[in-house]
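Below, each chain spelled out in residue letters.
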Amino acid sequence: MRRTIPFLGAILGLALVATGCTSGPEQVAGAAAPAAGVTESPSAAASPSAASSAAASVDASPVATATAKTTTEPAENSLVIGPDGMGALKLGMSRKALLATGLVEVRKVDPDALPSNCAQDLAMKDDEKGIFFNEELGIVVLHARSGVVTPEGVRIGSTIKQAQRAYPKAFDTVGEREYGESRVTVPGNSKANYGFGLANDNKIKSIWIELKSQPGCIG
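This section reports on the structure supplied with the text.

## Let's talk about the state of the cysteines
- Inspection of the entire model under this criterion finds 1 disulfide.
- Put simply, Cys-118 and Cys-217 are joined by a disulfide, and their sulfur atoms are 1.8 Å apart. Because the torsion about its S-S bond is -80°, the bridge between Cys-118 and Cys-217 counts as left-handed. Here Cys-118 is found in the loop between β3 (104–106) and β4 (119–124), whereas its partner Cys-217 is found in the segment after β9 (204–211), with 99 residues between them in sequence. Each member of the pair, Cys-118 as well as Cys-217, is classed as buried.

Put into structure tokens, the structure is as follows:
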């Protein structure tokens with residue numbers, strides 16, 4: 001009996017050790033939370049808010065690029081002047097065809113204010129600027145109204161530097177700056193000029209497109 005008791009004690013000890021290893025909180029289905037006082041590793045999965053911030057930072061670059069791009073290009077709903085006219089109004093268009101567009105109206109003008117071979121009695125309905133017309137050449141000059149933009153992004157209110165970036169030969173002489181007016185060949189139409197009038201604050205105050213062959217109707 002003296003040898004049996006130590007042997008039973010050893011068995012009971014092993015059983016207690018085994019029971020201690022398996023004892024502990026019962027795991028519930030789902031992700032286990034980190035134990036108190038344990039800091040989660042940086043490599044752990046990011047929280048939803050962090051993931052959203054990361055996604056926003058990745059997506060921001062293309063959006064910014066697209067926005068920057070549109071600042072130098074005419075908006076889709078802008079009326080563009082050039083390279084051969086302004087919207088439905090085209091250089092060389094006959095008086096009959098011009099009136100048929102429904103975009104212009106006849107105005108009373110002083111016939112002595114213009115050369116005999118020019119007429120300025122037509123103008124866009126929502127603008128005071130006249131349209132210069134020649135019986136032989138048709139429409140020879142079209143003025144841009146406020147909001148109209150060239151294909152290169154220049155409009156009334158643009159600075160002289162912006163105009164020169166688009167048209168390097170604009171206002172490139174002292175005389176043009178002093179007189180406040182410049183003409184440059186229209187990109188894509190060698191038969192036409194852009195005309196730019198300059199205000200005292202070095203901003204473009206007027207824009208027109210004209211046939212180079214126009215008989216001195218303007219300028």
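## A short note on the pattern of salt bridges
- Summed over all chains, the structure comprises 5 salt bridges.
- Residue Lys-90 is joined to Asp-84 by a salt bridge in which the shortest nitrogen-to-oxygen separation is 3.5 Å.
- Residue classification places Lys-90 among the partly exposed residues on the basis of a relative accessible area of 31%.
- Exposure remark for Asp-84: the relative accessible area of 38% places this residue in the partly exposed category.
- Notably, a salt bridge pairs Arg-107 with Glu-105, separated by 3.1 Å at the nearest N-O pair.
- Note on Arg-107: relative accessible area 21%, which makes it partly exposed.
- A single network of salt bridges, built from pairs that share partners, joins Glu-181, Arg-183 and Glu-210.

Parameters at a glance
- Residues numbered from 1 in each chain as written.
- Predicted model: local features only at pLDDT ≥ 70, side-chain atom pairs only at ≥ 80, totals over all residues.
- Heavy atoms only, no water.
- Disulfide = S-S within 2.5 Å.
- Helix = DSSP H or I, 4+ residues; strand = E, 2+ residues; numbered from the N terminus.
- Buried < 20%, exposed > 50% of the residue type's maximum accessible area, 1.4 Å probe, protein only.
- Salt bridge = Lys/Arg side-chain N within 4 Å of Asp/Glu carboxyl O.

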